There are 4 protein chains.
Amino acid sequence: MSYIFEIEMEVRDYELDTEQIVNNANYLHYFEHTRHKFCREAGMPFIDMHNQGIDAVVRKIEIEYISSLRSGEHFISALNLERRGPRFIFDQAILKDDGSVVTKARITIVILKNGHISKGDEVAEIFSRWLNNKD
Amino acid sequence: MSYIFEIEMEVRDYELDTEQIVNNANYLHYFEHTRHKFCREAGMPFIDMHNQGIDAVVRKIEIEYISSLRSGEHFISALNLERRGPRFIFDQAILKDDGSVVTKARITIVILKNGHISKGDEVAEIFSRWLNNKD
Amino acid sequence: MSYIFEIEMEVRDYELDTEQIVNNANYLHYFEHTRHKFCREAGMPFIDMHNQGIDAVVRKIEIEYISSLRSGEHFISALNLERRGPRFIFDQAILKDDGSVVTKARITIVILKNGHISKGDEVAEIFSRWLNNKD
Amino acid sequence: MSYIFEIEMEVRDYELDTEQIVNNANYLHYFEHTRHKFCREAGMPFIDMHNQGIDAVVRKIEIEYISSLRSGEHFISALNLERRGPRFIFDQAILKDDGSVVTKARITIVILKNGHISKGDEVAEIFSRWLNNKD
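Residues numbered from 1 in each chain as written. Chains lettered and ligands numbered in written order. Predicted model: local features only at pLDDT ≥ 70, side-chain atom pairs only at ≥ 80, totals over all residues. Heavy atoms only, no water.

Description of the interface of chain A and chain C
Often the size quoted for an interface is simply the accessible area lost on bringing the parts together.
Next, step 1: Opposite the 6 residues of chain A that make contact, chain C presents 6 residues.
Next, step 2: Summed over both sides, the interface between chain A and chain C buries roughly 450 Å², with carbon and sulfur atoms accounting for 63% of that surface.
Next, step 3: Run the count over chain A and chain C and you get 0 salt bridges.
Next, step 4: Inspection of the chain A/chain C interface yields 0 residue pairs in polar contact (both at pLDDT 80 or more).
Next, step 5: Of the residues in the side of chain A that touches chain C, the class split is 2 nonpolar, 3 polar and 1 charged. (Contact = heavy atoms within 4.5 Å. Buried area = accessible area lost by both parts, 1.4 Å probe. Salt bridge = Lys/Arg side-chain N within 4 Å of Asp/Glu carboxyl O. Polar contact = N/O pair within 3.5 Å; in protein donor to acceptor, adjacent residues only side chain to side chain. Nonpolar A, V, L, I, M, F, W, Y, C, P; charged D, E, K, R; others polar.)

As structure tokens, this is what we get:
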């Protein structure tokens, strides 16, 4: 499987729980950080969008935990993006160096404009070079 | 909809993000805290299970974000439990005081015994008074 | 020792680290949550202050870790407040039910008004019933 | 000022609070991560120490917040180490690329051996090449 955007990260010990594995909630942090780095790559930092009245809001997350991350491990956080009408679908994964999948998730985002749901055309424009023009 | 276990919680400001709403990852913290309170209610604190070699591990989460929580808001975190073979399914929700749903999630747990996947019979025993004996 | 404001809290398992004690950073969360509850008690939620251009900013923290908190423990988070010119000094403590001290901290806050350091008179007004009029 | 160990890090948006600056508690996370990377550099990962019955426990933190970190900023997290009898003193700082100081902290660590306070000689051995032999 190939991805349009990847970053390298490493486990920080404060992300571990008493089972000495990364706590399930921290993967959402990893995924969010990756999406925000992707926004920055696209030329539109998330916080600048917010300060212009455009908020990308998570509507749905489906996440599978396949293996675990432990202290000191390095990993790849990767994503793909698709638009379905007003929804932006991020397929995200955490991968070990050998390519094995730690977690994978489908994250559905909708766009609020001044607090109201929108079609997300401004955001589609920002991501245009990565979106197939299906919509 | 009725639930077998509920706790009251309130938003803490450090859980908010720059959009002034609770960050998506914190709901997994709320859900986990609720499950662990439920374990304690059942007479088996999570950490005692771990120290006895039994680890409940999250395998899958499906979560829908329906509305938002803001600074100062109080809420109910509620759960139901079902067993499907070796899997324990928690249906969890965050509800406002008026009963409206903020988020709802289906969380699938499996049980490791000394690091190996198990049928989860010890855990089923702990939760026996809340489980229908379908299995 | 007596305090002007106290709340009851309990350890959440996701706050524990691999040593099975509450991670050192989480005490700053407990302290902040307590100060923000105190602001709300005083009639001025922290986020409302922010939205009016007044930001209470932490300038200095001195914290002593005396004992530890573990899974399932309940505790008291308490504070005192003093004004020293433009600085607000919060003396905060985390106490077990038997009164023994887990951590204690002195936290120095200054007030920004529209991004610039101020004398903090509006904030002193909000807290006036708890401040000795030394200043 | 020179440091014996430095790492590069960057702000993650989930670390920001509603004031759009990094929340005060997250600096303790940055500091801890830096110390743990330093332990790993010294050949003894923190978690391995724990699993051998040696726990480095934070006893005291004094931290000054001088400026703020915002979305997207890169920074240096640096430390120095000194031993004073049974105490290990970490002088840590967060620095911007231009060398200006964001926060600086003095963090005092003591060593527990199988749960009891110890002189810390095993830990001093691990860090011997960075310690002046004053003790």
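There is more to say after this.
Some words on the pattern of salt bridges
Opposite charge on two side chains allows them to pair when their charged atoms are near.
Next, step 1: Per the counting criterion, the structure on display carries 32 salt bridges over all chains.
Next, step 2: The salt bridge involving Glu10(B) is made with Lys37(C); its shortest N-O contact spans 2.8 Å. With Glu10(B) in strand β1 (residues 5-10) and Lys37(C) in helix α1 (residues 26-41), the pair connects residues from two separate chains.
Next, step 3: A relative accessible area of 18% places Glu10(B) in the buried class.
Next, step 4: Note that Arg106(B) is salt-bridged to Asp91(B), the shortest N-O span being 2.9 Å. With Arg106(B) in strand β5 (residues 101-113) and Asp91(B) in strand β4 (residues 87-95), this residue pair connects regions lying 15 residues apart in the sequence. (Helix = DSSP H or I, 4+ residues; strand = E, 2+ residues; numbered from the N terminus. Buried < 20%, exposed > 50% of the residue type's maximum accessible area, 1.4 Å probe, protein only.)

Digging into the confidence of the model for chain A
Next, step 1: When the pLDDT values of chain A are averaged, the result is 94; 98% of them are 70 or greater.
Next, step 2: In the predicted complex, the global pTM is 0.95; the interface-specific ipTM is 0.93. (pLDDT = per-residue confidence, 0-100.)

Concerning the interface of chain A and chain B
Next, step 1: With 24 residues of chain A in contact, the opposing surface of chain B contributes 24 residues.
Next, step 2: Buried surface at the junction of chain A and chain B, summed over both partners, amounts to about 2100 Å²; 51% is from carbon and sulfur atoms.
Next, step 3: On the chain A side of the interface with chain B, the three residues burying the most area are Glu19(A), Asn24(A) and Tyr65(A), jointly 25% of the side's total.
Next, step 4: There are 0 salt bridges connecting chain A and chain B.
Next, step 5: Run the count over chain A and chain B and you get 10 residue pairs in polar contact (both at pLDDT 80 or more).
Next, step 6: Counting residues per element, the ones that place at least two in the side of chain A that touches chain B are α1 (24-41), α2 (46-51) and β2 (54-65) of chain A.
Next, step 7: Here the side of chain A that touches chain B takes 11 residues from β2(A), the largest share from any one element.
Next, step 8: When the residues that make up the side of chain A that touches chain B are grouped by side-chain class, the tally is 11 nonpolar, 5 polar and 8 charged.

Here we look at the nonpolar core
Next, step 1: In this structure, Tyr27(C), Phe127(C), Tyr27(D) and Phe127(D) are the most contacted members of the largest nonpolar core, which totals 84 residues.
Next, step 2: Excluding its chain neighbours within four sequence positions, the residues that come into contact with Phe127(D) are Phe38(D), Cys39(D), Ala42(D), Leu81(D) and Phe90(D).
Next, step 3: Ile61(A), Leu79(A), Phe5(B) and Met44(B) belong to the second largest nonpolar core, which has 83 residues in total. (Core = buried A, V, L, I, M, F, W, Y, C linked by side-chain atoms within 4.5 Å.)

Thoughts on the relation of the copies chain A and chain C
Next, step 1: Superposing chain A onto chain C takes a rotation of 180° combined with a translation of 0.0 Å along the rotation axis, leaving an RMSD of 0.0 Å. What the rotation and shift describe, once combined, is the action of a two-fold rotation axis. Within chain A, the C-alpha atom positioned nearest to the axis of rotation is that of Thr18(A), 2.2 Å from it.
Next, step 2: Same-surface contact between copies: 100% of interface residues of chain A are shared with the interface of chain C. (Least-squares fit on C-alpha atoms with pLDDT ≥ 70 in both.)

Thoughts on the packing of aromatic side chains
Residues and elements named next belong to chain A.
Next, step 1: With the rule as written, the count across this model stands at 32 aromatic pairs over all chains.
Next, step 2: Measuring from centroid to centroid gives 5.6 Å for Tyr27 and Tyr30, while their planes differ by 85°, and the two rings are edge-to-face. You can see Tyr27 and its partner Tyr30 sitting in helix α1, 3 residues apart, about one turn around the helix.
Next, step 3: Look at Tyr27 and you get buried, because its relative accessible area is 2%.
Next, step 4: Residue class for Tyr30 comes out buried when judged on its relative accessible area of 0%. (Phe/Tyr/Trp six-rings, centres within 6.5 Å; stacked < 30°, edge-to-face > 60°.)

Looking at empty space enclosed by the protein
Next, step 1: Under the counting rule described, the total for this entry stands at 5 cavities of 30 Å³ or more.
Next, step 2: Its boundaries defined by the atoms lining it, the largest cavity holds a volume of some 570 Å³.
Next, step 3: For the largest cavity, the lining is made up of 28 residues, of which His29(A), His29(B), His29(C), Asn26(D) and His29(D) are closest to its centre.
Next, step 4: When residues of the lining of the largest cavity are traced back to their parent elements, those giving at least two are α1 of chain A, α1 (26-41) of chain B, α1 of chain C together with α1 (26-41) of chain D.
Next, step 5: Here the residues of the lining of the largest cavity are counted per class, giving 8 nonpolar, 12 polar and 8 charged. (1 Å grid on protein atoms, 1.4 Å probe; cavity = no way out; pocket = protein on both sides within 12 Å on 5 of 7 lines; lining within 4 Å. Points joined across faces, edges and corners; volume = space filled by probe spheres on them.)

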